[in-house]
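Spelled out from the first residue to the last, the chains are:
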Amino acid sequence: MTEETIDDGVALGAAHISAAVGELGWRYVLGTLRASIRLGPLWQVAEVATELIRACGEGADECLQLDLRRGRLELILSPPDPAGLTARELTHARLIATAAAEMGLPLAADADGRRSVQALEIGIDALVIADIRPFWKAVLGYVDPPGAAGPEDAVVDPLEIGPAVWFQQMDAPRPQRNRIHFDVSVPPDEVAGRLKMALAAGGVLVSDSHAPAFWVLADAEGNEVCICTWQGRDQLEA
């Protein structure tokens, strides 16, 4: 793997990021890099986490988040700058992957066979977003994302534990349709399996017209969820 030659401050594209570190076990999900490691008791998880923090080097406090659970360590590399991940974070990703491999603990998207790494968001449809955003911000104890305090921007958990809540503009009232849905962002190579399981469990495919950016599914009562990936986002935003 060659080192990045792009300036640290330049945000990289999703395809570039995914290709650069995918073979190391990282997956690009919703603007972040995510990976997991299968481990044993909690003391071992804590020890491995400490070693990987050291391996990440200077800047770990700004971009690295860890979720320690018995049997599994989850790692998230987030961009300090809202513009996106840069070569600096890819370097951190390589350092962590190398340190983990040297301990005989390779990174993986699905380390323990239970589920892949993922990111969850909640979307709320609204006719006047500015009228409902303050309510959701207050009732959840959420805050404005860094650099995004507009009347139609998402709201986020200040502890970075709960899912972000974002708002989708409606053109007309839809009393016949649920107006809150979940967005579950997964690695592209996880989509087929996730769709298969959801449909086998009684789900219905509502639309795949925007695939591979997202697939819309619904439960038996019409409550919707989108399975999302980074792929195809450029066409949606064009």
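Residue numbers here run from 1 along each chain, matching the order of that chain's written sequence. Residues qualify for local features only when their pLDDT is at least 70, as the model is predicted, and side-chain atom pairs are given and counted only at 80 or more; totals for whole chains, interfaces and linings, by contrast, use all residues. Hydrogens and water are ignored here; the side-chain numbers use all heavy atoms of the structure.

**Student:** Could you clarify how one ought to interpret the packing of aromatic side chains in this entry?
**Tutor:** Centre-to-centre distance and the angle between the planes together describe a pair of aromatic rings. Centres within 6.5 Å make a pair out of two Phe, Tyr or Trp rings, where for Trp the six-membered ring is used; the pair is then stacked when the planes are under 30 degrees apart, edge-to-face when over 60, and tilted otherwise. Tallied over the full model, the rule gives two aromatic pairs. Taking the centre distance of 5.3 Å and the plane angle of 80° together, the rings of Phe135 and Trp136 count as edge-to-face.

**Student:** Would you explain a nonpolar patch on the surface in this entry?
**Tutor:** A cluster of nonpolar side chains, Phe135, Val139 and Leu140, forms an exposed patch at the surface whose accessible area comes to about 280 Å². Here a helix means four or more residues in a row that DSSP labels H or I, a strand means two or more in a row labelled E, and each is numbered from the N terminus. Mapped onto the fold, Val139 is located in helix α5 (residues 129–140). Residues enter patches when they are more than 30% accessible in relative terms and free of salt bridges; like-charged ones are connected within 9 Å and nonpolar ones (Val, Leu, Ile, Met, Phe, Trp, Tyr) within 5 Å. All accessible areas in this document rest on Shrake-Rupley with a 1.4 Å probe, and a residue is counted as covered only by the protein chains that are shown. Every case where a carboxyl oxygen of Asp or Glu lies within 4 Å of a side-chain nitrogen of Lys or Arg is listed as a salt bridge.

**Student:** What should I look at first to understand the environment of Thr32 in this one?
**Tutor:** In this fold, Thr32 is placed in strand β2 (residues 32–38). Here, two residues are considered to be in contact whenever any of their heavy atoms come within 4.5 Å of each other. What Thr32 contacts, discounting residues up to four positions off in sequence, is Arg27, Ile76, Leu77, Ser78 and Leu85. At 2.7 Å, the side chain of Thr32 forms a polar contact with the backbone oxygen of Val29. What qualifies as a polar contact is a pair of N or O atoms within 3.5 Å, subject to a donor-acceptor requirement within protein and to the restriction that residues adjacent in sequence count only when both atoms come from side chains. For Thr32, the side chain forms a polar contact with the side chain of Arg34, separated by 2.9 Å.

**Student:** How should I be thinking about the pairing of β2 in this particular structure?
**Tutor:** The two faces of a sheet get side chains in turn, since along a regular strand they alternate between them. The buried count for β2 comes to six of seven residues, which makes it a mostly enclosed element. Strand direction decides the pairing type here: strand β1 (residues 27–29) and β2, joined by three bridges, are antiparallel. The residue bridging Val29 from the neighbouring strand is Thr32, located in β2. Count of turn residues in the β1/β2 antiparallel hairpin: two residues, of which Leu30 carries a positive phi of about 50°. The buried label goes to any residue with under 20% of its type's maximum accessible area, the exposed label to any with over 50%, and the partly exposed label to all in between, with areas taken from a 1.4 Å probe on protein chains only. We call two strands paired when DSSP finds no fewer than two bridges between them.

**Student:** Please clarify how the sheet that holds strand β4 (residues 72–77) should be interpreted in this entry.
**Tutor:** Sheet strands line up and pair through hydrogen bonds in the backbone, either parallel or antiparallel. Pairing is antiparallel in the open sheet, where four strands are placed in the order β1-β2-β4-β3. Each end of this open sheet is capped by a strand with a single partner; those strands are β1 and β3 (64–69). This sheet shows a mean twist of 25° between the axes of neighbouring strands, independent of strand direction. Axis definition: a line fitted to C-alpha atoms, over the contacting stretch in the case of helices. Angles run 0 to 180 degrees between N-to-C directions.

**Student:** How should I be thinking about the pattern of salt bridges in this particular structure?
**Tutor:** Pairing between side chains of opposite charge can happen when their charged atoms approach one another. Scanning all chains against the criterion turns up eight salt bridges. Between Glu89 and Arg88 there is a salt bridge whose closest N-O contact spans 3.1 Å. According to the relative accessible area criterion, Glu89 is buried, its value standing at 1%. The class of Arg88 is partly exposed, set by a relative accessible area of 31%. Here Asp144 and Arg133 are joined by a salt bridge, their closest N and O atoms 2.6 Å apart. Within this pair, whereas Asp144 is found in the loop between α5 and β6 (164–169), its partner Arg133 is found in helix α5, the two being separated by eleven residues in sequence. The exposure class of Asp144 is partly exposed, given its relative accessible area of 25%. Ionic contacts of the salt-bridge type, sharing partners, join the residues Arg133, Lys137 and Asp144 into one network.

**Student:** Got a minute to help me understand the layout of surface pockets in this structure?
**Tutor:** Once rolled over the atoms, a probe with the size of a water molecule shows which space is left empty. In this analysis, the protein atoms alone were mapped onto a 1 Å grid. Cavities are point sets where a 1.4 Å probe fits without being able to get out; pockets are open sets with protein on both sides within 12 Å along at least five of seven lines; lining residues have an atom within 4 Å of a point. Grid points are joined across faces, edges and corners, and a volume is the space filled by probe spheres set on the points. Of the volumes computed, that of the second largest pocket is approximately 170 Å³. Around the second largest pocket sit 14 residues that line it, and Leu217, Ala218, Asp219, Asn223 and Val225 are the ones nearest its centre. When residues of the lining of the second largest pocket are traced back to their parent elements, those giving at least two are β7 (180–185), β9 (214–218) and β10 (224–228). Per element, the largest residue contribution to the lining of the second largest pocket is three residues, and it comes from β7. Polar here means any residue outside two lists: the nonpolar Ala, Val, Leu, Ile, Met, Phe, Trp, Tyr, Cys and Pro, and the charged Asp, Glu, Lys and Arg; Gly therefore counts as polar. Broken down by class, the residue content of the lining of the second largest pocket amounts to seven nonpolar, five polar and two charged.

**Student:** What is the right way to look at the nonpolar core in this model?
**Tutor:** Counting 31 residues, the largest nonpolar core has Trp26, Leu33, Ile37, Leu52, Leu73, Ile96 and Leu107 as the members making the most contacts within it. Looking at this core, the elements that each hand over two or more residues are α1 (14–21), β2, α2 (42–56), α3 (60–63), β4 and α4 (87–102). For this core, the element with the most residues is α4, which contributes six residues. Each residue touching Ile37, except ones within four places of it in the same chain, is listed here: Leu52, Gly71, Arg72, Leu73, Leu75, Ala100, Leu105, Pro106, Leu107 and Ala111. Ranked by size, the runner-up nonpolar core spans eight residues in total, among them Ile122, Ile124, Tyr142 and Val155. Grouping buried Ala, Val, Leu, Ile, Met, Phe, Trp, Tyr and Cys residues that are joined through side-chain atoms within 4.5 Å yields what is termed a nonpolar core.

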